[in-house]
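Close look at the chain arrangement
One-letter residues, chain by chain:
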Amino acid sequence: MINLICFIIVMIGGINWLSIGLVQFDFIAGIFGSQAHVVSRIIYVLVGFACIYLIYWAIATKGKIEFRREKFKKEKEEPQ
C-alpha cells in the first residue's frame, strides 16, 4: 500500500513539474499561496521522500515493481 501511495505522490509531483516546464505555473504554490508556504514545502518534501523510497524499492526488488494485493490474489484463486 505504501508503494502505491508513494507512486501517486510522485505522479502528482511529476505533473506539477510538467506544468512548470510548459506554462511556468506551479500548481502546488498556486493552491497554497507560494513556494515558501509551510504546506507547499511539506508537499515538496513528501514528493522527494516518495521518490527516494521508490528508487530504494526499485533497487531492492531488482526492478520488479508490482502493485498487487495479496488478499485480492488469494480471493481470486479460491473457487467459489
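Further up the page is the structure itself.
What comes next concerns the included structure. (Residues numbered from 1 in each chain as written. Predicted model: local features only at pLDDT ≥ 70, side-chain atom pairs only at ≥ 80, totals over all residues. Heavy atoms only, no water.)

Thoughts on the state of the cysteines
Counted by the stated rule, this structure contains 0 disulfides. No disulfide involves Cys 51; its sulfur sits 9.8 Å from that of Cys 6, the nearest cysteine. (Disulfide = S-S within 2.5 Å.)

Things to note about the packing of aromatic side chains
One pass over the full model with this rule turns up 2 aromatic pairs. Centroid distance Phe 25 to Phe 27: 5.0 Å. Interplanar angle 85°. Geometry classified as edge-to-face. On the basis of relative accessibility, which here comes to 37%, the residue Phe 25 falls in the partly exposed class. Taken together, a centroid distance of 6.5 Å and an interplanar angle of 45° make the contact between Tyr 53 and Tyr 56 tilted. Here Tyr 56 and Tyr 53 lie together in helix α3 (residues 38-60), a separation of 3 residues that amounts to about one turn. (Phe/Tyr/Trp six-rings, centres within 6.5 Å; stacked < 30°, edge-to-face > 60°. Buried < 20%, exposed > 50% of the residue type's maximum accessible area, 1.4 Å probe, protein only. Helix = DSSP H or I, 4+ residues; strand = E, 2+ residues; numbered from the N terminus.)

Topic: a nonpolar patch on the surface
Residues Met 1, Leu 4, Ile 5, Phe 7, Ile 8, Met 11 and Ile 12 make up a contiguous nonpolar surface patch of roughly 670 Å² in combined accessible area. Within the element layout of this structure, Met 11 appears in helix α1 (residues 2-23). What makes Met 11 partly exposed here is its relative accessible area of 39%. (Patch = residues over 30% accessible without salt bridge, like charges linked within 9 Å, V, L, I, M, F, W, Y side chains within 5 Å. Areas by Shrake-Rupley, 256 points an atom, 1.4 Å probe, with all protein chains shown as cover. Salt bridge = Lys/Arg side-chain N within 4 Å of Asp/Glu carboxyl O.)

Observations concerning unusual backbone geometry
A positive phi angle is found at Gln 24, which is not glycine, with a value near 55°. With respect to the helices and strands, Gln 24 occurs in the loop between α1 and α2 (27-32). Residue Gln 24 is classed as exposed on the basis of its relative accessible area of 72%.

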